[in-house]
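These are the residues of each chain, in order.
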Amino acid sequence: MCPCGCGDVLEVALIKEARQSWTLSVDAENRPTLHPSIWRTTGCRSHFWIRKGRIHWCGKTG
Ligand SMILES: [Zn+2]
């Protein structure tokens with residue numbers, strides 16, 4: 001689910017062959033970190049990072 005609360009479900013491609021893919025790593029405490037950031041080009045246009053299981057907003061306006 002999108003962390004901004006808009007209710008959209010995000011699909012993140014973790015497949016290496018995908019044109020745009022993300023790398024998901026999990027630390028020793030099972031906290032996920034996603035690289036690079038997620039920048040939605042549709043819907044709420046949220047831009048954020050997931051680092052160690054926490055959302056870090058990246059210049060969301062409104
Ligand atoms: Zn959203």
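One structure accompanies this document, and this report is about it. Just so you know, these numbers come straight off a predicted model, no measurement behind them.

A separate point is the side chain of Arg40. Locating Arg40 in the fold gives a position in the loop between strand S2 (32-39) and strand S3 (47-51). By relative accessible area, Arg40 is classed as buried at 11%. Among the polar contacts made by the side chain of Arg40, one reaches the side chain of Asp8 at a distance of 3.0 Å. Non-local contacts of Arg40, meaning those with residues more than four positions away in its chain, are made with Cys2, Cys6, Asp8, Leu10, Arg45 and Ser46.

Given two aromatic rings, one states the distance between the centres and the angle between the planes to describe the pair. Inspection of every chain in the model, using the stated rule, returns one aromatic pair. One residue, Arg51, lies across the ring of Trp49, its end atom 4.4 Å from the ring centre.

Sheet analysis places strand S1 (residues 23-26) next to S2, joined by four bridges and oriented antiparallel. Bridging from a neighbouring strand, Thr23 pairs with His35 of S2.

Take the pattern of salt bridges next. In total, this model carries three salt bridges according to the counting rule given. With its nearest N and O atoms 3.0 Å apart, the salt bridge here joins Asp8 to Arg40. Of this pair, Asp8 sits in the segment before S1 while Arg40 sits in the loop between S2 and S3; the two residues are 32 residues apart in sequence, bridging distant segments of the chain. According to the relative accessible area criterion, Asp8 is partly exposed, its value standing at 28%. With a closest N to O distance of 3.8 Å, Glu29 and Arg31 form a salt bridge. Assessed through its relative accessible area of 58%, Glu29 is described here as exposed. Looking at Arg31, the relative accessible area reads 30%, which means it is partly exposed.

Rules and cut-offs
- Residues numbered from 1 in each chain as written.
- Predicted model: local features only at pLDDT ≥ 70, side-chain atom pairs only at ≥ 80, totals over all residues.
- Heavy atoms only, no water.
- Helix = DSSP H or I, 4+ residues; strand = E, 2+ residues; numbered from the N terminus.
- Buried < 20%, exposed > 50% of the residue type's maximum accessible area, 1.4 Å probe, protein only.
- Polar contact = N/O pair within 3.5 Å; in protein donor to acceptor, adjacent residues only side chain to side chain.
- Contact = heavy atoms within 4.5 Å.
- Phe/Tyr/Trp six-rings, centres within 6.5 Å; stacked < 30°, edge-to-face > 60°.
- Lys NZ or Arg CZ within 6 Å of the ring centre and 35° of its normal.
- Pairing = 2+ DSSP bridges.
- Salt bridge = Lys/Arg side-chain N within 4 Å of Asp/Glu carboxyl O.

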